[in-house]
2 protein chains.
Amino acid sequence: MRFSKSFIPTFKEAPKDVVLKSHEYLIRAGFIQQIGSGIYNFLPLGKRVLDKIRSIVKEEMDNSGANEVALGFVTPASLWKESGRFERYGKELLRFSDRKDNVFVLGPTHEEVITELVKANVKSYKQLPLHLYQINLKFRDEMRPRFGLMRAREFIMKDGYSFHSSFEDLKREFDLMEQTYSRIFTRLGLDFRVVFADSGAIGGSGSKEFMVLAKSGEDTICVCDTCSYGANLEAATRIKIAPNTQAPQAEFAKFHTPGVKNIEALAEFFKITSFWTLKAVVKKAIFDEGKSALVYFFLRGSDTLNTTKALNAISGANALIEASEEEIKAAGLIPGFIGPFALRNLTGSPYIYFDNELQDAGNLICGANALDYHFVGVDLSTFEGIEYKDLVEVQAGDLCPMCGESNGGKLYFTRGIEVGHIFQLGTKYSSAMEATFLDEMGKAQPFIMGCYGIGVSRLLSAVIEQHHDERGMIWTSATAPFSVDIMVSNIKDSAQLAMGEKIYTALRAQGIECLLDDRAERYGVKIADFELIGLPFGIVVGKGLQKGEIEIIKRRDLSREVLKISDFVALVAEIKTLVDKCH
Amino acid sequence: MRFSKSFIPTFKEAPKDVVLKSHEYLIRAGFIQQIGSGIYNFLPLGKRVLDKIRSIVKEEMDNSGANEVALGFVTPASLWKESGRFERYGKELLRFSDRKDNVFVLGPTHEEVITELVKANVKSYKQLPLHLYQINLKFRDEMRPRFGLMRAREFIMKDGYSFHSSFEDLKREFDLMEQTYSRIFTRLGLDFRVVFADSGAIGGSGSKEFMVLAKSGEDTICVCDTCSYGANLEAATRIKIAPNTQAPQAEFAKFHTPGVKNIEALAEFFKITSFWTLKAVVKKAIFDEGKSALVYFFLRGSDTLNTTKALNAISGANALIEASEEEIKAAGLIPGFIGPFALRNLTGSPYIYFDNELQDAGNLICGANALDYHFVGVDLSTFEGIEYKDLVEVQAGDLCPMCGESNGGKLYFTRGIEVGHIFQLGTKYSSAMEATFLDEMGKAQPFIMGCYGIGVSRLLSAVIEQHHDERGMIWTSATAPFSVDIMVSNIKDSAQLAMGEKIYTALRAQGIECLLDDRAERYGVKIADFELIGLPFGIVVGKGLQKGEIEIIKRRDLSREVLKISDFVALVAEIKTLVDKCH
């Protein structure tokens, strides 16, 4: 493409209120422009990147056996009422009425539409499995759209939905999708991690996220320094912490502990590490129809409660909020001195959960539910009916659950941008929408579903967050709108222009996508735009031409190499080799 | 693709309330399914056709030098207020508010968005011309969505917009687009006509529509039996009608014509053809802010007023409605006896228009504005200040305006489906939105614009309206989702299945897209689905295999040919030749 004939408006100044480099550069380099809050036009360069990403996603999805469809974007509210999400989904679901006062939504996701479609057309287990996907528009009315394409309201997503007659088959497809997604992100040239994600709230038996590693990422992820293990904070686990100090040996007894109101003070008082103390965390759980109840979590004083894990522990709870001191006192407890013994006296069936790592733990010190008193020598194995759950938030340095035992891999935290999410949904939607198939016994069963998403337009941002420098973007070879930017230094020099055209034609004949910068601009403008736009290679046809030389610049490190043009065929072959090698 | 692994739900029964065959077949063959009124899911086969059309459109648009973009679909109302269309556009413009009560519309077309984009980025005539296009979602809240994809609410359109510094350059691009569109529709395998279209209402200097010829078409078009001339009824012209009877020779006089209230009776009374009579048509024109006025149109009694031409004749009028007898009488006129003489007495500046073909006509008979009286021997050349306009509706048999004189081409009517529209917009939007560039003199000028649309999803219907039979669809080679349907008659016969697979693999290696019907279904089901789905060729691997034979069926005429498989390489080459020849 000729720069002079295309629409690539570039800017020197960063737009206002821009935080991320990807946001700044995509706008400054003329890839996108905002039309309204969180709504963007894709200009020619941005559209080309989008198409490249789209075609890689499509190719890999097709190879995996999934069938591409295009689902209606404007969706009748009735479908969303069937699933129950019309009411439950927050304000991100944009609802409106058409001219006949029928209510519709702008599709933020398409579980309802696809479930309805499959319900209407698939009757037997013989027609399963089935995986349908689309690469299509989505709209989510975000409260605070920001960071450019990273958190837009209108965006392009690849969303796929699979239907199965057994959970085993769902698991097979889920694993296949993990491989497929990994191939997609690898082909795109991204450094990413597959991480375990929380799937507690929706139920279902597992979910994984694909995280592009970048300092600017919104998500904290926990990864192993030795193996490929990764997880979101709310899904991360570890090898059970072993005691690194001697257990405080003591018979069960009540101790006067004046002024000792927190774990630090307690450890200090008994001259032990907080590992041997038992921490009680009281929260208030919110259930359907606004019902609420106090919930009690116990974990080692050296650990921290992860609130998502805590919420997932409570069947039926929608949210966890802080419990006030008054509420705790009203329950008959003494804040700062709560221990498991006191809870025995609570009426009803209180919600009490112990962290998994406390199973049968002994030699503990805990609150005695009396001001300034603690128990020592507490042995949990003497308790009956304790419900153990995974409640702890892992810490940097904890042992990796996958390789910690065998290889001593340790966990650490890093930041990532979520670009994909795969999910074993189970029967959540099919049950709600009465979408069933006949199994081998002729019995109606709800479809067992998986869903799989990739943030296609977000990927433009993710690539750039991972690949940029202070001068601009550095596209990977698979995502670059063109491979080579041929800059004619001075188009008034007819020899330069002719050589630029010649190289342009020759490289295109080799299947190399080129941008020919034939604008009536200074060299300085062209090189700045090259650095900003970030095509993998730049070729400068300038004054060196008089000596029979051109220059090739590698965008990644801005290294330059002088090439002789005496043997033009060899020159073209040399450039092609460089381009092919780059990824 | 294997039929057994894909999602192609076919139906024997036509859905209810379906009028068009394309609508019926696209649903029955599993290409589309409705999700809401005028909103469709594209299933895998429909998506494939859509992609094929899209890629041909893209290729030709790119070759023409246009730049592809993707514009925001959800569009701020503010842009539509700037152009004035937020108020003027009817209920087809779906308006709604987001969570922050900002008003948006679902883009039914994108003149506003593109004008804003170019206004913000293009400053100089040096950056022109510029043509930006997209292939993207549109929404129009039609009062009566119907005919499947033909008149949907949510649909895919290719919309392009060009920007120029002169009308000459706009005309060049307009002509280029006519060629580009013609190539697109030719490649798609369509029999179409380019027709002159009405552009009066928007102003601008010309517009053409691309009409796929089909009996079921919603539009009546007027075409020449000899040359390529075509036009919409409201834009059609003809060679001026020559008198085919002797003119009634008479001095100017007033005649008593008792009971003669219409043209037929008048011609009968004077024993002349209606060609020599002058017909007055009175309408009421509606202007901005609800103002209205009576308007008077004169044409030969043998002609019919075309209401669109009539409306275009009146500067500033938005609509034409019937005038009541009371209103005509209140103006001082006698219905049935209105003639041009009477209008001389009207006060103000009445709106009076004569048809072009009446210029300087003589020997006419017209109403005398007195009950039961007419004038004879009327000579219009004696009138002063007559405003002549093209007002007549052409009739079948009229002489073609392009070749009627030279080759005697005659016009006739046929029906078409509008699939494209190209338009010389001029400065309508750029003026309203103050989008200007600096011309060579450094003076700000509004951009001169063209716009160009193709109904991409509608094309699926158009192809089928033109190409189907009583058994199903007949896709053209460029639009077919696959070229060949390989039907394994009985998959339990391992030899048949193996041969089906072998042919499938071999043809795919030749670059031929194949559907392998490997379902556990009877042969009858497979052949019926082949006929319904309408791939260009079917190959039957059945009982003939024992004799070393397979059958190939050409969908267009359902002709069958037996092929020997003894020389497999030759067989594949033979099939490839057949497929390549077909279009």
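Here the structure is a predicted model, which is why all the values come from computation and not from measurement.

Visitor: Sorry, what's going on with the overall build of chain A here?
Guide: Each helix and strand in chain A was counted, giving 16 helices and 31 strands. Its C-alpha atoms give chain A principal-axis dimensions of about 95 × 60 × 45 Å. Expressed as a percentage of contacts within chain A between residues at least 6 apart in sequence, the contacts between residues at least 24 apart total 68%. A total of about 24,400 Å² of accessible surface is found on chain A, and carbon and sulfur atoms cover 49% of it.

Visitor: How do you make sense of the sheet that holds strand β16 (residues 319-322) of chain A when you look at a structure like this?
Guide: Hydrogen bonds along the backbone pair up the strands of a sheet, which may run parallel or antiparallel. Residue and element names in this part refer to chain A. On the basis of which strands lie adjacent, the open sheet formed by five strands has the order β16-β14-β15-β17-β20 and mixed pairing. The open sheet is flanked by β16 and β20 (388-389), the only strands paired with a single partner. Bridge analysis of strand β14 (residues 278-286) against strand β15 (residues 292-300) gives nine bridges, and the strand direction is antiparallel. Following the sheet pairing, K283 is matched in β15 by V295.

Visitor: How do you make sense of the pairing of strand β17 (residues 351-355) of chain B when you look at a structure like this?
Guide: In regular strands, side chains alternate between the two faces of the sheet. Residues and elements named next belong to chain B. When strand β15 (residues 292-300) meets β17, the two strands line up parallel, connected through four bridges. Across the sheet, F297 pairs through a bridge with Y353, a residue of β17. When β17 meets strand β20 (residues 388-389), the two strands line up parallel, connected through two bridges. From the neighbouring strand, D355 faces β20, where its bridge partner is K389.

Visitor: Help me out: how do you make sense of the nonpolar core in this one?
Guide: If you look at soluble globular proteins, the nonpolar side chains tend to sit buried side by side. By size, the foremost hydrophobic cluster in this structure holds 201 residues, and its most contacted members are A:F185 and B:F185. Setting aside residues no more than four positions away along its own chain, A:F185 makes contact with A:L190, A:F192, A:F210, A:V419, A:G420, A:I454 and A:L459.

Visitor: Can you walk me through helix α13 (residues 456-466) of chain B in this structure?
Guide: For an α-helix, the turn length of 3.6 residues means that residues three or four places apart are oriented alike. Counting buried positions along α13(B) gives eleven out of eleven residues, so the element sits mostly inside the fold. Those residues of α13(B) that fall on the buried side of the exposure criterion are B:V456, B:S457, B:R458, B:L459, B:L460, B:S461, B:A462, B:V463, B:I464, B:E465 and B:Q466.

Visitor: Even after reading the chapter, I still don't get the side chain of A:D159, so can you show me in this structure?
Guide: Residues and elements named next belong to chain A. As for its position among the elements, D159 is in strand β8 (residues 154-164). Here K138 takes part through its side chain, which lies 3.0 Å from a polar atom of the side chain of D159. Look past the residues within four positions of D159 in its chain and what remains in contact with it is H110, L132, Y133, Q134, K138, Y452 and G453.

Visitor: Whenever I open this one, the relation of the copies chain A and chain B confuses me. Can you help?
Guide: Mapping between the two copies of the chain is achieved by a rotation about an axis and a shift along the axis. Laying chain A over chain B is done by rotating through 180° and shifting 0.1 Å along the axis; what remains is an RMSD of 0.2 Å. Both copies are brought into coincidence by an operation consistent with a two-fold rotation axis. It is A:F96 whose C-alpha, among those of chain A, lies nearest the rotation axis, at 3.1 Å. Same-surface contact between copies: 100% of interface residues of chain A are shared with the interface of chain B.

Visitor: Which parts of the structure should I look at to understand the sheet that holds strand β5 (residues 95-97) of chain B?
Guide: Residue and element names in this part refer to chain B. Judged by pairing direction, the sheet is antiparallel, and its three strands sit side by side in the order β4-β6-β5 without closing on themselves. Either end of the sheet is taken by a strand with one partner, and the two such strands are β4 (74-76) and β5. With strand direction ignored, the average angle separating the axes of adjacent strands in the sheet is 40°. Two strands pair when backbone bridges link them, and β5 and strand β6 (residues 103-106) are joined in this way by three bridges, in the antiparallel orientation. What sits directly across from S97, in β6, is V103.

Visitor: In this structure, what is going on with the interface of chain A and chain B? I would like to understand it.
Guide: Reports often express the size of an interface as the amount of accessible area lost when the parts come together. Contact residues are listed per partner, giving 53 residues for chain A and 53 residues for chain B. Across the contact surface, chain A and chain B share four salt bridges. For A:K47, the salt bridge goes to B:E68, with nearest N and O atoms at 3.1 Å. Here chain A is connected to chain B by 22 residue pairs in polar contact (both at pLDDT 80 or more). By residue class, the composition of the side of chain A that touches chain B is 30 nonpolar, nine polar and 14 charged.

Visitor: Can you help me understand the domain arrangement of chain A in this one?
Guide: All names here are of chain A. With domains assigned, chain A is organised as domain 1 (46-71 + 107-237 + 412-465), domain 2 (253-389) and domain 3 (482-581). Put simply, the middle of domain 1 and the middle of domain 2, counted by C-alpha atoms, are 37 Å apart. Listed as interface residues are seven residues of domain 1 and, on the opposing side, four residues of domain 2. Applying the counting rule to domain 1 against domain 2 returns zero salt bridges. Tallied by class, residues from the side of domain 1 that touches domain 2 come to four nonpolar, one polar and two charged.

Visitor: Explain the pairing of strand β18 (residues 364-370) of chain A to me, please; I cannot follow it from the model alone.
Guide: All names here are of chain A. Counting buried positions along β18 gives six out of seven residues, so the element sits mostly inside the fold. Of the strand pairs in this sheet, β18 and strand β19 (residues 373-378) are connected by four bridges, and their pairing is antiparallel. Its bridge partner lying in β19, C366 is registered against F375.

Visitor: Please explain helix α2 (residues 44-63) of chain B as it appears in this structure.
Guide: All names here are of chain B. With 20 residues, α2 should cover 28 Å at 1.5 Å per step; its first-to-last C-alpha distance of 28 Å lies within 8% of that length. Turning to α2, its buried residues are P44, L45, G46, K47, V49, L50, K52, I53, I56, V57, E60 and M61. Just downstream of α2 lies G65, where phi reads positive at about 95°.

Visitor: Could you clarify how one ought to interpret the pattern of salt bridges in this entry?
Guide: For side chains bearing opposite charge, pairing can occur when the charged atoms are close. All names here are of chain B. A complete count under the given rule lists 82 salt bridges over all chains for this structure. In this structure, the salt-bridge partner of E60 is R183, at a minimum N-O distance of 2.8 Å. Taken as a pair, E60 in helix α2 and R183 in helix α6 (residues 167-187) lie far apart in primary sequence, 123 residues in all. Under the relative-accessibility criterion, E60 is labelled buried at 6%.

Visitor: Sorry, what's going on with the side chain of B:R85 here?
Guide: Checked against the element boundaries, B:R85 lands in helix α4 (residues 85-88). Apart from residues lying up to four places away in sequence, B:R85 is in contact with B:W80, B:L93, B:R95, B:T109, B:E111, B:E112 and B:Y429.

Visitor: Would you take a moment to explain the packing of aromatic side chains for this structure?
Guide: Describing an aromatic ring pair means giving the distance of the ring centres and the angle of the ring planes. Counted under the stated rule, the structure contains 44 aromatic pairs over all chains. Taken together, a centroid distance of 4.9 Å and an interplanar angle of 65° make the contact between B:F341 and B:F375 edge-to-face. Separated by 34 residues along the polypeptide, B:F341 in helix α10 (residues 340-343) and B:F375 in strand β19 (residues 373-378) bring together distant segments of the chain. Accessibility assignment for this pair places B:F341 and B:F375 in one class, buried. An aromatic cluster is built from A:Y181, A:F185, A:F192 and A:F210, whose rings are joined through pairwise contacts. A cation over an aromatic ring shows up here: A:K502 above the ring of A:F568, its NZ or CZ 4.3 Å from the ring centre. Against the face of B:F482 rests B:R48, its NZ or CZ located 4.0 Å from the ring centre.

Visitor: Help me understand the packing of helix α2 (residues 44-63) of chain A against helix α13 (residues 456-466) of chain A in this model?
Guide: Angle between the axes and distance between the axes: these two values describe a pair of packed helices. Residues and elements named next belong to chain A. Between α2 and α13, the least distance of the axes is 9 Å, while the angle of their chain directions is 110°. What the angle tells us is that α2 and α13 run roughly perpendicular. Between α2 and α13, the contacting residues are G46, V49, L50 and I53 on the first element and V456, S457, L459 and L460 on the second. Of the residues that constitute the contact of α2 with α13, the class distribution is six nonpolar, two polar and no charged.

Visitor: What am I meant to see in unusual backbone geometry here?
Guide: Across the chain, the bulk of peptide bonds are trans and the bulk of non-glycine residues have phi less than zero. Residues and elements named next belong to chain A. In this model, L128 is joined to P129 through a cis peptide bond whose omega is 0°. Mapped onto the secondary structure, P129 falls in the loop between α5 (111-121) and β7 (130-139). A positive phi angle, close to 65°, is found at D372, a residue other than glycine. Structurally, the position occupied by D372 is in the loop between β18 and β19.

Visitor: Can you walk me through the environment of B:F537 in this structure?
Guide: Residue and element names in this part refer to chain B. Note that F537 resides in strand β29 (residues 537-541). The class of F537 is buried, set by a relative accessible area of 3%. C-alpha separation for the pair F537 and K240, spaced 297 residues apart in sequence, amounts to 50 Å.

Visitor: Please explain the state of the cysteines as it appears in this structure.
Guide: For the structure on display, the rule yields zero disulfides over all chains. With no disulfide of its own, A:C224 has A:C403 as its nearest cysteine by sulfur position, at a separation of 3.6 Å.

Rules behind the numbers
Residues numbered from 1 in each chain as written. Chains lettered and ligands numbered in written order. Predicted model: local features only at pLDDT ≥ 70, side-chain atom pairs only at ≥ 80, totals over all residues. Heavy atoms only, no water. Helix = DSSP H or I, 4+ residues; strand = E, 2+ residues; numbered from the N terminus. Contact = heavy atoms within 4.5 Å. Areas by Shrake-Rupley, 256 points an atom, 1.4 Å probe, with all protein chains shown as cover. Pairing = 2+ DSSP bridges. Core = buried A, V, L, I, M, F, W, Y, C linked by side-chain atoms within 4.5 Å. Buried < 20%, exposed > 50% of the residue type's maximum accessible area, 1.4 Å probe, protein only. Polar contact = N/O pair within 3.5 Å; in protein donor to acceptor, adjacent residues only side chain to side chain. Least-squares fit on C-alpha atoms with pLDDT ≥ 70 in both. Axes fitted to C-alpha atoms, helices over the stretch in contact; angles between N-to-C directions. Salt bridge = Lys/Arg side-chain N within 4 Å of Asp/Glu carboxyl O. Nonpolar A, V, L, I, M, F, W, Y, C, P; charged D, E, K, R; others polar. Domains from an automatic or database assignment. Expected span 1.5 Å × (residues − 1). Phe/Tyr/Trp six-rings, centres within 6.5 Å; stacked < 30°, edge-to-face > 60°. Lys NZ or Arg CZ within 6 Å of the ring centre and 35° of its normal. Parallel < 35°, antiparallel > 145°, perpendicular 65-115°, else oblique. Disulfide = S-S within 2.5 Å.

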